[in-house]
Amino acid sequence: MKALQLISYGDLTDSLAFNEVVKPEILPHDVLIEVYAASVNPIDKLFIAGNLKDSQPLDLPATIGFDVSGVVVDKGGEVTEFEIGDEVYSRVAQRRFGTIAEYIAVDSGIVAVKPTNITFEEAASLPLVALTSIQSLERVGMKEGDRVLIHAGSGGVGSFAIQFAKTRGAYVYTTTSTENMDWVKELGADRVIDYKTEDYRTIATDLDIVFDTLGRNYTEEAFEVIKKGGRVVSIVGPLDEETARHLGIPNYKLPANLSQAIENKDATYKMVIMKPDGRQLAWLKIAVEDRMIKPVVDTVYPFSESIEAFEHLASGRSKGKIIIKVK
C-alpha cells in the first residue's frame, strides 16, 4: 500500500516522500480502516522538524498523521462494537500513528462511528482538535456561565473549542486577525478581539478560564486576566506538577515566574496532554448530528498533494483544518 512517510528530519520538501509499505496487520482488539481522509496538525510539523526525536524517537522512514476517517474492512477477534463496512473516525494512538496511508490498524477502543451528516473529509478534521478541547476545558471544570478566553479562534483547536464552550453555556472571548473576525463570530464567540488592533488584556478581564493555545508569554499573561481563584489550562505551556508526576517526573517544579503568578491569583493551572478516547468521539457524533458543532475545514488536498498540504500548514495561514483526501 502507499503511504506518506517521514524519511529524514528537517525541511518539509526534503523530509517527506511517498513509499510502498506493508499493509498493517491487526491485533485481536484492532479494526483495520481503509483510509478515506486524514488531516494534518501542528504535532506533525514538530515530528518533521525533529523537535520530538529525543522524547519520541521514530524508526525512519515512518508513516505520519494522527486523524483518520474511513471504513472498517477487517477486525480482530475480540472486537464486538464494530462491523465490516462501518464508517468510522479516530485520533490514533501516539505509538501507532500513520494515518496518511491507504490503510491503518487502530485499537477499537479509540474509534467511533463517524457522524452521518458530514463527509469523510469533515470527519477527519475533528478528532484531534475535539479531544484536545474537550479534555482541556473539562479538566478545569468549565460550566454554564463561565467567562472563557480561547486564544487563536480561527485555528483548528480554537474554532472547535469556541463551539464546545458554547454547548456548555459559557461566555466566550476569542482572539483572531482582522480578516477572520466575522467568520469566528459565526462560530458562536460572544466577543471577538482583533489582536492586530486591540489589546485583549484590556477587554477580556475578570475571567473564569483561559484556554492557552499559544504558549510563550501568553501563558503567564493568562494570570493577568483571570479573576481571583480563576483557572488556566494550556496545551503548549509548561507541565503542571500533577501531570509531571504522571509522566514519571517526581521532582518537577513549575518555572518560578509562573508559580508566582498562580500564587498571586490563588489560581489553578493545568497543562493537558490529549489522549485518544472513543467515548468522547461517540458524544461528538451526536453533537454534530444535532448541529451543536460543525466541522471547520480550510482546504482539502488530494493524496498525491500531501506534501503541499504540509506546506500550507507550515504557512500558519489556515482557517480551520487542512485535509488530505486519501480515497
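Above this note sits the structure.
Numbering of residues begins from 1 in every chain and follows the order in which that chain's sequence is written. Local features in a predicted model are, by the rule used here, given only for residues with pLDDT of at least 70; side-chain atom pairs are given and counted only at 80 or more, and totals for whole chains, interfaces and linings are based on all residues. Side-chain measures here rest on the full set of heavy atoms in the structure, leaving out hydrogens and waters.

## Thoughts on the overall build of the protein
Thinking step 1. Secondary structure is summarised from DSSP: a helix means a run of H or I of at least four residues, a strand means a run of E of at least two, and numbering begins at the N terminus for each. Of the regular secondary structure elements, the protein holds 12 helices and 16 strands.
Thinking step 2. Only the C-alpha atoms count toward the radius of gyration. The rule for a globule is 2.2 Å times the residue count to the power 0.38. A globule of 327 residues ought to have a C-alpha radius of gyration of about 20 Å, and the protein, at 20 Å, matches this closely.
Thinking step 3. Under the scheme applied here, a residue whose accessible area is under 20% of the maximum for its type counts as buried, over 50% as exposed, and between as partly exposed, the area being computed with a 1.4 Å probe on protein chains only. Counting over 327 residues, the protein shows a buried share of 54%.
Thinking step 4. Throughout, a residue-residue contact means that at least one pair of heavy atoms, one from each residue, lies within 4.5 Å. For the protein, restricting intrachain contacts to residue pairs at least 6 apart in sequence, the fraction spanning at least 24 positions comes to 68%.
Thinking step 5. All accessible-area figures derive from a Shrake-Rupley calculation using a 1.4 Å probe, and residue coverage is judged against the displayed protein chains alone. Surface accessibility of the protein: about 14300 Å² in total, with carbon and sulfur atoms responsible for 49%.

## Quick notes on the environment of Y252
Thinking step 1. Here Y252 shows up in the loop between α9 (241-246) and α10 (256-265).
Thinking step 2. The contacts of Y252, once residues within four sequence positions are left out, are P238, L239, D240, E241 and A244.
Thinking step 3. The definition of a polar contact used here is a pair of N or O atoms within 3.5 Å, where within protein one atom must be able to donate a hydrogen and the other to accept one, and adjacent residues in sequence count solely through side-chain atom pairs. Among the polar contacts listed, one links the side chain of Y252 to the backbone oxygen of L239, at a separation of 2.8 Å.

## Section: the nonpolar core
Thinking step 1. The biggest cluster of nonpolar side chains holds 76 residues, and the ones touching the most others in it are L16, I64, I100, F160, L284 and F310.
Thinking step 2. Apart from residues lying up to four places away in sequence, F160 is in contact with L126, V129, A130, S133, I134, L284 and I293. To form a nonpolar core, buried Ala, Val, Leu, Ile, Met, Phe, Trp, Tyr and Cys residues must be joined to one another through side-chain atoms within 4.5 Å.

## As for the sheet that holds strand β13 (residues 226-234)
Thinking step 1. In spatial order, the strands read β11-β10-β9-β12-β13-β14; together these 6 strands make up an open sheet with parallel pairing. Two strands in the sheet have a free side with no partner beyond their single neighbour: β11 (191-194) and β14 (268-271). Averaged over all neighbouring strand pairs, the angle between strand axes comes to 15 degrees, with direction disregarded.
Thinking step 2. Fitting a line to C-alpha atoms yields each axis, with helices limited to the stretch in contact; the angle taken between N-to-C directions then spans 0 to 180 degrees. Seen against the sheet, helix α4 (residues 127-139) touches β9 (147-150), β12 (207-212), β13 and β14 and runs at an angle of roughly 145 degrees to β12. Pairing between two strands requires that DSSP report at least two bridges joining them.

Any functional reading would require information beyond the geometric quantities listed.
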